[in-house]
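Descriptive structure summary
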Amino acid sequence: MTSFSERSGRWCRSFMPAPLGVDWVERLRGCGGAFLGILATGIVCRSMVGTAGDLPLLIAPMGASAVLLFAAPASPLAQPWSVLGGNVVAALVGVACAQWIGASGIGFAGVGPLTLAAALAVCGAIAAMMALRCLHPPGGAVALMAVLGGPAIQAEGFRYVLLPVGLNALILLAIALIFNNATRRRYPHAMRVEHAALHDTADPPPGDRLGFTPADLDAVLKEHNEFLDISRDDLDTLFREAELRGHQRRFGTVTCADIMSRDVIGVAPDATPGRVWELMHRHRLSAVPVLGARRKVVGVVTQADLLTHAMGNRRGGLRRLPHRLFGRRSEARAADMMGTGFTTVSGGTPVTTLVPLMSDGGLHHMPVVDDGGCLIGVVTQTDLVAGLHRGWSDHPTAVRSIHGLTSRAI
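Below: a short report on this structure. Predicted model, so just to flag it, every value in this text is computed and none were measured.

So, the nonpolar core
Counting 35 residues, the largest nonpolar core has Ile59, Leu69, Phe70, Val142 and Tyr160 as the members making the most contacts within it. Counting residues per element, the ones that place at least two in this core are α3 (61-71), α4 (80-100), α5 (113-131), α6 (138-148) and α8 (159-182). Counting residues per element, this core draws most heavily on α4, which supplies eight residues. Within the second largest apolar cluster, 14 residues are counted, among which are Met260, Leu354, Met358 and Val368.

Okay, structure coming up:
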């Protein structure tokens with residue numbers, strides 16, 4: 001049984017803030033972005049509007065918006081529609097409450113009209129933002145400022161919605177779009193594509209056949225019934241990456257360098273379709289990398305790429321297919337047919353990292369490159385299955401996991 005002092009200590013420690021999960025570079029990036037955003041918003045507003053008497057051209061709630069836009073740009077509360085829509089909608093509700101309740105002189109149960117209008121403005125702003133899916137915490141301050149901001153703001157009426165609120169939010173959002181993308185942040189933090197079967201069959205994606213599924217995550221969130229300041233897709237990604245790290249820690253690490261094929265057949269960018277097909281047929285390959293100077297990977301040609309090229313001119317059907325591939329007049333080269341949106345990995349990459357890429361991502365061949373991008377090997381789906389079986393043969397549960405990940409689509 002724990003003592004009173006131990007229970008008190010735990011209770012006191014519960015008030016300690018959790019450590020931030022970002023490094024100092026990310027923190028400085030947030031601070032610098034907020035500085036530039038507020039500075040630019042003030043300068044642009046003044047240059048566009050000039051002086052506006054006693055009306056502030058830069059309002060205090062924009063400081064809270066800047067915190068979200070530059071320090072937490074991945075938050076659902078910091079997305080463009082939340083920032084612009086939330087501030088504008090909250091301003092509309094705040095002005096309506098100020099004019100219809102605050103200026104009426106009518107109180108309620110000893111509460112003054114301004115206090116009542118302020119409470120209803122914040123309440124109504126939250127309800128409106130939730131209904132329109134643009135919840136933005138600074139919107140509460142925008143609504144409150146419309147009621148308690150003083151004679152200058154109250155005299156503006158509904159013009160307050162456009163200036164300063166709408167203009168401030170629009171400029172700050174534009175600066176955030178430029179700054180976040182210039183510093184390699186993904187903003188807007190767009191929703192990811194739903195899990196889909198690559199082969200257009202009724203089977204769920206291989207990654208969803210074991211472990212938790214998107215439906216499981218949706219059910220838990222619904223049962224939790226509380227707003228979380230993280231998107232459902234980011235939660236899904238974090239859980240799957242944590243699950244992958246758990247597999248690596250439990251079963252050990254087999255790297256791509258351990259299982260890759262080293263004697264790789266490649267072609268030059270100027271190789272003809274006939275030459276590419278000949279190598280594929282002789283070595284029983286379904287894809288070959290296209291190599292530039294110093295064996296640097298510049299693309300990959302698959303059998304599907306060859307077929308697409310050959311069937312580009314449909315006249316003659318399959319009877320003309322050999323001529324299109326081997327005909328002397330064909331001017332196409334490997335560089336014209338190859339896919340450039342390929343993915344590469346390093347030799348030290350754990351093979352467990354390749355499982356979602358090859359199962360759900362539809363990749364069949366993974367070029368392995370050195371630090372300079374030069375080819376040192378290739379990992380195929382066959383190599384991956386053999387490597388996982390070899391590395392995890394002492395763990396029956398892992399073997400069952402591999403069996404569950406295999407696809408029925410041939």
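Moving on from the coordinates now.
Focus on the pattern of salt bridges
Evaluation of the coordinates by the stated rule reveals five salt bridges. Salt-bridge contacts for arginine 29 lead to glutamate 26; the nearest nitrogen and oxygen are separated by 3.2 Å. Here the residue arginine 29 and the residue glutamate 26 both occupy positions in helix α2 (residues 24-49), the gap between them amounting to three residues, near one helical turn. According to the relative accessible area criterion, glutamate 26 is partly exposed, its value standing at 22%.

Observations concerning the sheet that holds strand β3 (residues 345-346)
With mixed pairing, the three strands of this open sheet are ordered in space as β3-β4-β5. Unpaired on one side and paired on the other, β3 and β5 (375-380) mark the two borders of the sheet. Relative to β5, strand β4 (residues 365-369) is paired through five bridges, and the arrangement is antiparallel. Among the inter-strand pairings, valine 368 is bridged to a residue of β5, identified as glycine 377.

What to know about the pairing of strand β2 (residues 297-302)
The two faces of the sheet receive side chains in turn, since in a regular strand these alternate between them. Bridge count for strand β1 (residues 287-291) against β2 is five bridges, and the pairing is antiparallel. In the strand pairing of β2, leucine 291 is matched with valine 297. In this antiparallel pair of consecutive strands, β1 and β2, the connection spans five residues, and arginine 294 shows a positive phi of 55 degrees.

Quick notes on the side chain of threonine 349
Locating threonine 349 in the fold gives a position in the loop between β3 and α16 (354-359). When near neighbours in sequence (up to four residues on either side) are disregarded, threonine 349 contacts Val254, Thr255 and Cys256.

What about the packing of α3 against α8?
Direction vectors running N to C along α3 and α8 enclose 20 degrees, while the axes themselves pass 10 Å from each other. The angle between the axes of α3 and α8 places the two elements in the roughly parallel class. Note on packing geometry: the crossing formed by α3 with α8 is right-handed. Counted together, Met62, Ser65, Ala66, Leu69 and Phe70 of α3 and Asn168, Ala169, Leu172, Leu173, Ile175, Ala176, Phe179 and Asn180 of α8 form the full contact between these two elements. Looking at the contact of α3 with α8 residue by residue, the class counts come to ten nonpolar, three polar and no charged.

Calculation criteria
Residues numbered from 1 in each chain as written. Predicted model: local features only at pLDDT ≥ 70, side-chain atom pairs only at ≥ 80, totals over all residues. Heavy atoms only, no water. Core = buried A, V, L, I, M, F, W, Y, C linked by side-chain atoms within 4.5 Å. Buried < 20%, exposed > 50% of the residue type's maximum accessible area, 1.4 Å probe, protein only. Helix = DSSP H or I, 4+ residues; strand = E, 2+ residues; numbered from the N terminus. Salt bridge = Lys/Arg side-chain N within 4 Å of Asp/Glu carboxyl O. Pairing = 2+ DSSP bridges. Contact = heavy atoms within 4.5 Å. Axes fitted to C-alpha atoms, helices over the stretch in contact; angles between N-to-C directions. Parallel < 35°, antiparallel > 145°, perpendicular 65-115°, else oblique. Left-handed = near helix turned anticlockwise from the far one by under 90°. Nonpolar A, V, L, I, M, F, W, Y, C, P; charged D, E, K, R; others polar.

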